[in-house]
Amino acid sequence: MFKQKTDKRVAVFFAEGYEEVEAIAVVDICHRAGIPCDMVSVTGENDVTSSRGVTVVCGRSIEDAGFDFDAYDMLVLPGGIPGMPNLRACEPLCDALVKHFREGRGVAAICASPSILAELGILDGLRCTANPAFQDACAQRGGKVLAGERAVRDGNVITSQGMATATWFALEIVRYYLGDEAVAAVCEGVVLM
């Protein structure tokens with residue numbers, strides 16, 4: 001059962017071709033920690049299909065009446081191909097990412113999606129990581145890539161490498177809002193030693 005522990009809100013954005021674990025791990029871990037987290041479609045439809053044919057039903061779409069990016073304290077991008085290019089093609093989302101970053105609000109991306117943050121100028125001068133195939137793209141746009149790290153936080157930006165690091169990525173989001181004690185509680189609950 002969800003027990004809210006903060007007024008901070010997280011949105012995970014789903015585009016056609018998203019990577020399943022990278023998206024759902026964030027939603028799951030945030031809920032376990034007590035952080036409100038919405039699954040938001042960028043397609044205009046609530047049903048979104050992953051790169052491996054898994055369809056989820058998002059609770060919201062960016063095309064819903066009254067949808068407001070500013071209602072969220074952190075915007076999260078899962079990876080996946082063609083999920084990442086589909087997220088990059090969503091201009092309202094990209095504009096919101098830049099606005100959130102400039103206002104000191106949270107932005108997070110995993111796998112291929114840190115390259116979106118790099119293209120938007122968000123990673124310039126920041127420590128980061130990404131899927132190994134996208135680390136050069138991040139470095140070329142000014143990111144200080146820490147290739148061996150599972151998840152990296154620099155200020156209000158969190159990045160991670162991919163599906164196998166998704167739990168650590170999600171735990172960094174928990175740490176950002178609730179601290180080490182909350183991370184330890186989640187780790188115990190999911191038997192992450």
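Residues numbered from 1 in each chain as written. Predicted model: local features only at pLDDT ≥ 70, side-chain atom pairs only at ≥ 80, totals over all residues. Heavy atoms only, no water.

### Here we look at the overall build of the protein chain
Looking only at helices and strands, the protein chain has 7 helices and 11 strands in total. Compactness check: the protein chain gives a C-alpha radius of gyration of 15 Å against a globular reference of 16 Å for 193 residues, within 12% of the reference. Its C-alpha atoms put the protein chain at 40 × 40 × 35 Å along the principal axes. Residue pairs in contact within the protein chain that sit at least 24 positions apart in sequence constitute 63% of those at least 6 positions apart. (Helix = DSSP H or I, 4+ residues; strand = E, 2+ residues; numbered from the N terminus. Rg over C-alpha atoms; globule rule 2.2 N^0.38 Å. Contact = heavy atoms within 4.5 Å.)

### Description of the environment of D47
Mapped onto the elements of the fold, D47 is located in strand β3 (residues 47–49). Taking relative accessible area as the criterion, D47 reaches 45% and is therefore assigned partly exposed. Each C-alpha atom of the pair D47 and R60 lies 9.9 Å from the other, and the pair is 13 residues apart in sequence. Setting aside residues up to four positions removed in sequence, D47 forms contacts with E16, T55, V56 and V57. (Buried < 20%, exposed > 50% of the residue type's maximum accessible area, 1.4 Å probe, protein only.)

### A closer look at helix α3 (residues 91–102)
For α3, which comprises 12 residues, the first-to-last C-alpha distance of 17 Å matches the rise-based estimate of 16 Å (1.5 Å per residue) to within 8%. For α3, the complete set of buried residues consists of L93, C94, A96, L97, V98 and H100. Its buried side turned inward, α3 meets β1 (10–14), β6 (74–77), α2 (83–88), β7 (106–110) and α4 (114–119). (Expected span 1.5 Å × (residues − 1).)

Spatial relationships are all this shows, so hold off on functional conclusions.
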